[in-house]
Structure formats: structure tokens, C-alpha cells
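Inside the fold
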Amino acid sequence: MQEQERRGLLSVVLPAYNEEASVPRAAQVICGLLTGAGIAHELIFVDDGSRDGTWPAIQAQCLRFPQVRGVRFSRNFGKEAAIFAGLAQGAGDCLAVLDCDLQHPPEKLLEMYRLWQQGYQVVEGVKTSRGRENPLHTLAARTFYSAISSATGIDMSRASDFKLLDRRAVDVLLAMREKNAFFRALSSWIGFRTAQVEFQVQPRLEGQSKWSIRSLVRYAVTNLTSFSTAPLQLVTLLGMLVFLCSVLLGLRSLWQKFTGQALEGFTTVILLQLFIGSILMICLGIIGYYVAKIYDEIKDRPRYIVAERCGGGADDAQTEATL
Ligand code: UDP
Ligand code: MG
């Protein structure tokens, strides 16, 4: 880490899900930029089970640029899986991840690479603004990030998946066996010499965002529970609160009995039944969710399945399961 100007191969990982229009532009812009800057590089597109012409577009880029490679999943496994697949494929001394729709400005790669040359092992892209979004989305994102920040102890409010990592940091991430890996948080959690580069989220030029409200909620719950057991502690807290209420109400009922006013109070009984019943259901649900996650991990299925590869002399018809 001591040498001032280390040089090395930069692998750029680009997850792509239904991005046929963005792929050629991303390849052109990034190859042009890095070639111009004299940085040795390779691009790894990961087709996350797209239903449009993303894979033929990636194959075309492999023919056009020798430094482009492609990996195709057998189905949609989600962006996190795509990122990890790309990192596993990259041969670089440092590896960068950015969105294939170029909402993460590629020019920042040069700045990130310079920081890596100076010895930083984790270079994080932090958002100065979230780009154009509807207010509901912004509110939901803010709630999620404040929850995840307190769960991880890392300020995640401006975090993104736009990162450049040293080989060592990537090896550490790849060695983690957890299936619900949350790249954005894990890459900060691992520590190492970290630098930050600010960037503005660019407007999307082609296609549309792949996130529906449902997938965002699922993403938030999955990642929160993979980093925190606070919801389980909430169960205990609720239990104690309900116990406190029941002691107070118990004392009141006893007092009513001894003063001869015991007939009234059916409303209280009904309310209590409903209240305790629903709290119990919620708690069981939370515990059930964690049990389901343990079940998922214990099955030890692969994080993703690679169906095809292209570029870099890959055998196009290769089928394999990769952890
Ligand atoms: N993406 C992916 N798999 C998915 C969803 C998205 O690989 O299941 C990719 C997508 O192609 C893009 C990046 O993740 O390169 C960010 O997705 P998107 O632009 O839809 O998200 P947003 O920028 O709106 O947060
Ligand atoms: Mg985007």
C-alpha cells in the first residue's frame, strides 16, 4: 500500500436488467473514457435474466470491444446477485461497480481510480442528490436508510452501489457465505482504508427504473433483517409493554371487584383480547420471518446461476451453477 502510483487492471462490473438500450452506450462511454485516460480495463456486463434484447446487445459489445465480457443469469436473481457475480468474474487489481443506465457518472471512475492509486482500498460513491424522484419514494428511502444506518452503525443516507474496491476488499466480500448479501452496506462494514467521492445521480436516459413499490419494500425488509435483529428485540419490548398494561388493568379489575362494580367492563375485555391477539400475531410473524431466513441460508442454494458467458474466449454454451 505504500507505493505512491500503483497501476493495475480495473474491472468494471455493470449489472443489467432489461437494459438493451443502455448497454451499447455504457460500453462505448466507459471504454472510450478509460482508454483515453490510459487505464487498463475490462468491462463485465451481468445480464440479470433480462426479457428484452439485453443479452444480444452484450454479445455485440463483446465482439466490438475485446475488453468487454458478459455473463448471463438463467433468470432474474436481483441486482445484489448480479454485482457479486460480476465481482467474482473480474480479474482486476481493483474493481468498480456502476449502474448500466449510467445514472452513476462514469467520469467519476477516474477520480476513484486515482484514489485507489494513492492506496485507498474502498472508494465509495456518495450521492449529493437523489436525482428526480417522487416525494413518496424519497420519504420511504429516508425511513429505510435511517433504520439501516442505526442497524449497521454506518451512515447510509447517501450511500450507493457505485464503488471502487481493491482486490483484497473484493476477496473478503466474496468469501462471505451469506446469501442475502447487501453490497452497499457490506462494502462499508468490511472497513479498510476508505475514501468517498461525491456524485450527482444523473437522469435515466433510456428505459425505466426496475423498482416497483413491492420490490422496494421487499428489498428494504430483506436488507434490514440481514443486518439487524432489532425487530426481534422489538418483540420483547412489546411483550413488556403489554405486560405493564395488563398489570395496571388487573389492579383496576381487582379494585372494581372488591368495591362491587365488577359487572361492567366487557369493552375492556374485548379490547384486550383484540390487542393482545394482534400483538402476538405480529410477533409470531417477525419471528417467522427470521426462521424463514435461517431456512433460506441453511439450504445453501447458489446465489445465482450462470447460463452463458461471452467475450474473453468464453465458451458460449457453458452452463454452470456458481456460488
Ligand atoms: N438491475 C439488475 N437487476 C434487477 C434490477 C436492476 O441488475 O433486478 C440493474 C439495472 O439494470 C441497473 C441497476 O441495477 O443497471 C439499477 O437499477 P435501476 O436503474 O432500475 O434502479 P434506480 O437507478 O432507479 O435505483
Ligand atoms: Mg437507475
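Use the structure listed above.
Here goes a summary of the coordinates provided. (Residues numbered from 1 in each chain as written. Chains lettered and ligands numbered in written order. Predicted model: local features only at pLDDT ≥ 70, side-chain atom pairs only at ≥ 80, totals over all residues. Heavy atoms only, no water.)

1. Some details on helix α10 (residues 266–299)
Worth spelling out the cut-off: In DSSP terms, a helix is any run of H or I states spanning at least four residues, a strand is any run of E spanning at least two, and both are numbered starting from the N terminus. To estimate how far a helix should extend, the number of its residues minus one is multiplied by 1.5 Å. Exposure classes here rest on a 1.4 Å probe applied to the protein chains alone. A residue is buried below 20% of its type maximum, exposed above 50%, and partly exposed in between. Contact between two residues is taken to exist if any of their heavy atoms lie within 4.5 Å; hydrogens are not considered.
Along its 34 residues, α10 runs 49 Å from first to last C-alpha, staying within 8% of the 50 Å computed at 1.5 Å per residue. Within α10, the full set of buried residues consists of Ile279, Cys283, Ile286, Tyr290 and Lys293. Its buried side turned inward, α10 meets α8 (213–227) and α9 (230–258). The positive-phi residue at the C-terminal boundary of α10 is Asp300, with phi of around 55°.

2. Concerning unusual backbone geometry
Not every positive phi belongs to a glycine, and Asn18 is a case in point at roughly 50°. Summarising the element assignment, Asn18 is placed in the loop between β1 (10–16) and α1 (22–36). Positive phi is not limited to glycine here, since Leu102 has a value of about 60°. Among the secondary structure elements, Leu102 is positioned in the loop between β4 (94–97) and α4 (108–117).

3. Some thoughts on the state of the cysteines
Selection criterion: What counts as a disulfide here is a pair of cysteine sulfur atoms lying within 2.5 Å.
With the rule as written, the count across this model stands at 0 disulfides. Cys100 takes part in no disulfide bond, and the closest cysteine sulfur to it belongs to Cys31, at a distance of 12 Å. Given the relative accessible area of 1%, Cys100 is considered buried.

4. Considering the site of ligand 1
Note the cut-off: To be near a molecule or strand, a residue needs just one of its heavy atoms within 4 Å of it. Between N or O atoms, a polar contact is any pair within 3.5 Å; within protein, one atom must be a potential hydrogen donor and the other a potential acceptor, and residues adjacent in sequence are included only when both atoms are from side chains. In short, Shrake-Rupley with a 1.4 Å probe defines the accessible areas, and a residue's cover is counted only from the protein chains shown. Charged means Asp, Glu, Lys or Arg here, nonpolar means Ala, Val, Leu, Ile, Met, Phe, Trp, Tyr, Cys or Pro, and polar covers whatever is left, Gly included.
Every one of the 16 residues lining ligand 1 counts as a neighbour, but Glu19, Asp48, Asp101, Ser209 and Lys210 are closest to it. In this structure, an oxygen atom belonging to ligand 1 sits 3.2 Å away from a side-chain N or O atom of Asn76. Against a free-state accessible area of 520 Å², the protein chains account for coverage of 85% of ligand 1. Partitioned by chemical class, the residues of the shell around ligand 1 number 5 nonpolar, 4 polar and 7 charged.

5. Here we look at the pairing of strand β7 (residues 194–200)
We count it as follows: When DSSP finds two or more bridges between a pair of strands, those strands are recorded as paired.
Burial of the side chains of β7 is restricted to one face: Ala195, Val197 and Phe199 are buried, whereas none of Thr194, Gln196, Glu198 and Gln200 on the reverse face is. Summarising the sheet, strand β5 (residues 122–129) and β7 pair through 7 bridges and their orientation is parallel. If you follow Val122 over to β7, its bridge partner there is Thr194.

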